[in-house]
Amino acid sequence: MTCMKKVWFVGAVYFLLGVCLYSLSADLRSVEIDLILHTNGTADIFYSLDWYAPGGKMHGFYFQGMATEPSFTMKYCYADLPSGKRVPLDIKRLGNRYYDVILEKGQGFSGSAIYIITYKANLQKDGYIGATVSPDYGNLYYFDWAPVQWDEHLKHRTVRVVL
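Criteria and cut-off values
Throughout, a residue's number is its position along its own chain's written sequence, starting from 1. Residue-level local features of this predicted model are given only where pLDDT is at least 70; pairs of side-chain atoms are given and counted only at 80 or more, and the full residue set underlies all totals for whole chains, interfaces and linings. In computing side-chain values, all of the structure's heavy atoms are included and hydrogens and water are not. To qualify as a helix, a DSSP run of H or I must reach at least 4 residues; to qualify as a strand, a run of E must reach at least 2; elements of each kind are numbered from the N terminus. Note on classification: 1.4 Å probe, protein chains only; a residue is buried when its accessible area is under 20% of the maximum for its type, exposed when over 50%, partly exposed between these limits. Contacts between residues were defined by any pair of non-hydrogen atoms, one from each residue, lying within 4.5 Å. Method for areas: the Shrake-Rupley scheme with a 1.4 Å probe, in which residue coverage is limited to the protein chains shown. Only buried residues count toward a nonpolar core, which is a set of Ala, Val, Leu, Ile, Met, Phe, Trp, Tyr and Cys residues joined through side-chain atoms within 4.5 Å. We call two N or O atoms a polar contact when they sit within 3.5 Å, provided that within protein one can donate a hydrogen and the other can accept it, with sequence-adjacent residues counted only if both atoms are side-chain atoms.

Q: Which parts of the structure should I look at to understand the overall build of the protein chain?
A: Across its full length, the protein chain holds 1 helix and 11 strands. Counting from the amino terminus, helix and strand elements in the protein chain follow one another as α-β-β-β-β-β-β-β-β-β-β-β. Within the span of the protein chain, comprising 163 residues, buried residues form 32% of the whole. Considering only contacts within the protein chain whose residues lie at least 6 apart along the sequence, 65% involve residues at least 24 apart. Per element, the accessible surface of the protein chain, about 10,300 Å² overall, is 58% carbon and sulfur.

The following block contains the structure:
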């Protein structure tokens, strides 16, 4: 290896090491979900996400895996930042039930922030609730909905369903 190639190689290694050392470390600590089911089969679904970013600046995350196609209620989608400031969210569709959730105007934070995501869903139309008949028990009503699964180790996840 020539001297110039060695210099480039060593420079690239140091650059990548620096990127790794200064990359964002963010953890989703807890998730609380409230689902309010209406008599017409629709639901209002509220996610409260406790994110902790001790190093670097966190701007957002990917939100995916919803059981139904969400209709976001943007008025109630925001983040409460460590500074006490409430910042609206920008939610952009990236694919089928796959969204990029970021703080408005590219803002970021370090520390702990609570993201609130609110959307409406039609659980009846999508087959997650409905009526059925059992030979043993007669007419029954089923509820077959589940919240998003996260690939983070959570301290807790709470689901409240209001009928």
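Q: Got a minute to help me understand the nonpolar core in this structure?
A: Looking at soluble globular proteins, one finds that nonpolar side chains tend to be buried together. Of all hydrophobic cores here, the largest spans 37 residues; its most connected members are Y47, L49, F61, F63, Y115 and I117. It is strand β2 (residues 42-58) that contributes the most residues to this core, 7 residues altogether. Residues within four places of I117 in sequence aside, it is in contact with I45, F46, Y47, L49, F61, F63, F72, Y76, C77, L89 and V101.

Q: What is the right way to read the side chain of S134 from this model?
A: Of note, S134 is situated in strand β9 (residues 129-134). At a separation of 3.2 Å, a polar atom in the side chain of S134 contacts the main-chain amide nitrogen of D136.

Q: Could you clarify how one ought to interpret the environment of Q107 in this entry?
A: Assignment of secondary structure puts Q107 in the loop between β7 (98-103) and β8 (109-122). Along the chain, Q107 and L89 lie 18 residues apart, while their C-alpha atoms are 9.8 Å from each other. If sequence neighbours within four positions are ignored, Q107 has contacts with M58, H59, K85 and V87. For Q107, the side chain forms a polar contact with the side chain of K85, separated by 3.1 Å.

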